[in-house]
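Listed below, chain by chain, are the residues.
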Amino acid sequence: MEENINKSLHGAKGIEALDNMVNALQDMGYIKIVKKNYSIADPDFGVSQFKFQYLIEFKDKEQWILQHTTTIRDRINCQQWHSENIKRLNPNVKKAYVVIPDKMEEKELHKALNYQDKIASRTIYSALDGVFPLGTVYSMAEQKAAALLPDGTAHAKLGLGFEAKLAGILNDKQNFEKWKYNTTISTGYLYPLYLDIMEILGLDKGDVIALNATSDIPKLPSGGSPKTDVRLSVETVKGMKNYTFSCKRSNSSWVSVHEYTADAFVKVLNPDDMHLKELLHEFQKAGGARAMGAEKAGEFEECIKKYSDVLSRWVIGGIGGEGEEDIQWAGYIITFNENGNIYSIHTTEGYIEECKRQDVKGQFGTLFKWTYPSKGKGKRIQLKGKIL
């Protein structure tokens, strides 16, 4: 009896995790219509007998149906039956997915992956389009929605979505219960990432009372954006502590990561180095290494590379620059590789060391490429970084 109750509760927690995912997608504007407990009838019979837990609709009218399960058994044939008939009756439904928890028992995970392999290899007939972990379905929906956005806005939207998603993961009650109390009932919401963050922070679950995360970070005194995208406040038996994260999406390209005046660079790197000040202003005026001239560019490299680590900490984490250290400087870097759907987490110092280990080559002996922002030549310096 107790085992059946626990299975029922586990299933309910899984549906709750799917609720959280769909709500997050809707809050970000990725999907415009959500129907929970979707059902449809064959007009020749009248009873709404074909059902899925969720129907979501994108801006191009394409619809997906989603069904969460914590176990793959013969009952998946029911989802096959329902999805086939829903697609037959509603031509807007293009995809039907069974969604599993991101973290499962090995036996159950093997069953799910095996079934997905059969669908992908077309060794079985399937009205389902896949059996995927919740995090994978989230990313697929996110990418589908981003493809519908106007050129130039998708990257910014995805960046904001990443920040909101991280805050949601850190605030999720199921994740906290699963981590702190080792409960087997909770499935968690994108739990593997949550667990990785808890591990790198080195938190003692016995001491932690509550977590609260926000992506609402105040602007810097200059009006610019801080390096911190998400701040996590941890209440422990010993008091409160803040952890700050910079969120970066990666497609292995060089992207703009920093933009300040030459004077701002001087102030952070070394306000007493007059030669540095002179060369930074010369670079700002020229706008690039070639325009600066080979001799001056070589002189600039010899000068600036002495400050490479100080520069890296400022560019990547805001460290040493303006703003409040425990709120606006980023102590940790979380990157998301869009191609492999893989996260990586480092301390700011660890991230800099990883860039060096991967032999990231910028300009002037630094990790960054130096240029100027659009219409900002002679006024500001822009740095581009390679996101790992």
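Placed above this text is the structure.
All values derive from a computational prediction rather than experimental measurement. (Residues numbered from 1 in each chain as written. Predicted model: local features only at pLDDT ≥ 70, side-chain atom pairs only at ≥ 80, totals over all residues. Heavy atoms only, no water.)

Along helix H6 (residues 173-181), the positions that sit buried rather than exposed are Gln174, Asn175, Phe176, Lys178, Trp179 and Lys180. For H6, the side-chain oxygen to backbone nitrogen distance between the N-cap and Gln174 is 3.1 Å, and the N-cap itself is Asp172. Once H6 finishes, Asn182 follows within two positions and takes phi at roughly 55°, a positive value. (Buried < 20%, exposed > 50% of the residue type's maximum accessible area, 1.4 Å probe, protein only. Helix = DSSP H or I, 4+ residues; strand = E, 2+ residues; numbered from the N terminus. Polar contact = N/O pair within 3.5 Å; in protein donor to acceptor, adjacent residues only side chain to side chain.)

With that out of the way, let us pick up the sheet that holds strand S11 (residues 342-347). What the 5 strands build is an open sheet, ordered S6-S7-S8-S10-S11; its pairing is mixed. Two strands lie at the open edges of the sheet, namely strand S6 (208-214) and S11, each paired on one side alone. Recorded for the sheet is a direction-independent mean angle of 25° between the axes of neighbouring strands. As paired strands, strand S7 (residues 230-236) and strand S8 (residues 239-250) are joined by 7 bridges and run antiparallel to one another. Its bridge partner being in S8, Val230 is matched across the sheet by Phe245. On top of the sheet, helix H7 (residues 191-201) reaches S6, S7, S8, strand S10 (332-337) and S11; it is set at about 15° to S11, its chief contact. (Pairing = 2+ DSSP bridges. Axes fitted to C-alpha atoms, helices over the stretch in contact; angles between N-to-C directions. Contact = heavy atoms within 4.5 Å.)

We now examine the nonpolar core. Counting 55 residues, the largest nonpolar core has Met21, Leu66, Leu170, Ile197, Met198, Leu232 and Phe245 as the members making the most contacts within it. Those residues in contact with Leu232 that lie beyond four places of it in its chain are Leu170, Met198, Leu201, Leu211, Asn212, Ala213, Lys241, Asn242, Tyr243 and Phe245. The next biggest cluster of nonpolar side chains, apart from the first, holds 37 residues, and it includes Ala264, Val268, Cys303 and Ile304. (Core = buried A, V, L, I, M, F, W, Y, C linked by side-chain atoms within 4.5 Å.)

Bringing the pattern of salt bridges into the picture now. On inspection of all chains with the given rule, the structure shows 20 salt bridges. A salt bridge links Asp19 to Lys36, with the shortest nitrogen-to-oxygen separation between them at 3.1 Å. In this pair, Asp19 sits in helix H1 (residues 2-27) while Lys36 sits in strand S1 (residues 33-40), placing the two residues 17 residues apart along the sequence. Residue classification places Asp19 among the buried positions, given a relative accessible area of 13%. The class for Lys36 is partly exposed, based on a relative accessible area of 45%. Residue Asp129 pairs with Lys87 through a salt bridge whose shortest N-O separation is 2.6 Å. Taken together, the residues span a long stretch of sequence, with Asp129 in the loop between helix H3 (106-120) and strand S5 (130-133) and Lys87 in helix H2 (residues 76-89) at a distance of 42 residues. Under the relative-accessibility criterion, Asp129 is labelled partly exposed at 27%. Of the residues examined, Lys87 reaches a relative accessible area of 23% and is grouped as partly exposed. Taken together, the shared-partner salt bridges connect Glu278, Glu282, Lys296 and Glu299 into one network. (Salt bridge = Lys/Arg side-chain N within 4 Å of Asp/Glu carboxyl O.)

Turning our attention to the packing of helix H4 (residues 134-146) against helix H5 (residues 154-171). Geometrically, a packed helix pair is captured by the angle between its two axes and the distance between the axes. It is the contact of H4 with H5, at a shortest axis distance of 10 Å, that shows an interaxial angle of 150°. Here H4 lies roughly antiparallel to H5, going by the angle between them. Regarding H4 and H5, the two cross each other, and that crossing is right-handed. Between H4, through Tyr138, Ser139, Glu142, Gln143 and Ala146, and H5, the contact on the second element is made entirely by Ala154, Leu158, Gly161, Phe162 and Lys165. When its residues are assigned to classes, the contact of H4 with H5 shows 5 nonpolar, 3 polar and 2 charged. (Parallel < 35°, antiparallel > 145°, perpendicular 65-115°, else oblique. Left-handed = near helix turned anticlockwise from the far one by under 90°. Nonpolar A, V, L, I, M, F, W, Y, C, P; charged D, E, K, R; others polar.)

This part covers the packing of helix H9 (residues 274-286) against helix H11 (residues 294-304). For the pair H9 and H11, the least separation of the axes is 10 Å and the interaxial angle reads 130°. The orientation of H9 with respect to H11, classified from their angle, is oblique. Between H9 and H11 lies a crossing whose hand is left-handed. Within the contact between the two elements, H9 uses His275, Leu276, Glu278, Leu279, Leu280, Glu282 and Phe283 and H11 uses Lys296, Glu299, Phe300, Cys303 and Ile304. Taken together, the residues that form the contact of H9 with H11 break down as 7 nonpolar, 1 polar and 4 charged.

With that out of the way, let us pick up the environment of Lys35. When you line up the elements, Lys35 lands in strand S1. On the basis of relative accessibility, which here comes to 42%, the residue Lys35 falls in the partly exposed class. Between the C-alpha atom of Lys35 and that of Ser126, which follows or precedes it by 91 residues, the distance is 23 Å. If we ignore the near neighbours within four places in the chain, the residues touching Lys35 are Gln53, Tyr54 and Leu55.

Before going further, it helps to examine the sheet that holds strand S3 (residues 63-68). Strand order in the open sheet formed by 5 strands is S1-S2-S3-S4-S5, with mixed pairing between adjacent strands. The open sheet is flanked by S1 and S5, the only strands paired with a single partner. For this sheet, the mean angle separating the axes of adjacent strands, direction not counted, is 35°. Inspection of the sheet shows S1 paired to strand S2 (residues 50-57) by 7 bridges, in the antiparallel sense. In the strand pairing of S2, Ile40 is matched with Phe50. Contacts from H2 reach S1, S2, S3, strand S4 (93-100) and S5 within the one sheet, and its direction differs from that of S2 by about 60°. The sheet strands contacting H4 are S3, S4 and S5, and the helix crosses S5 at an angle near 105°.

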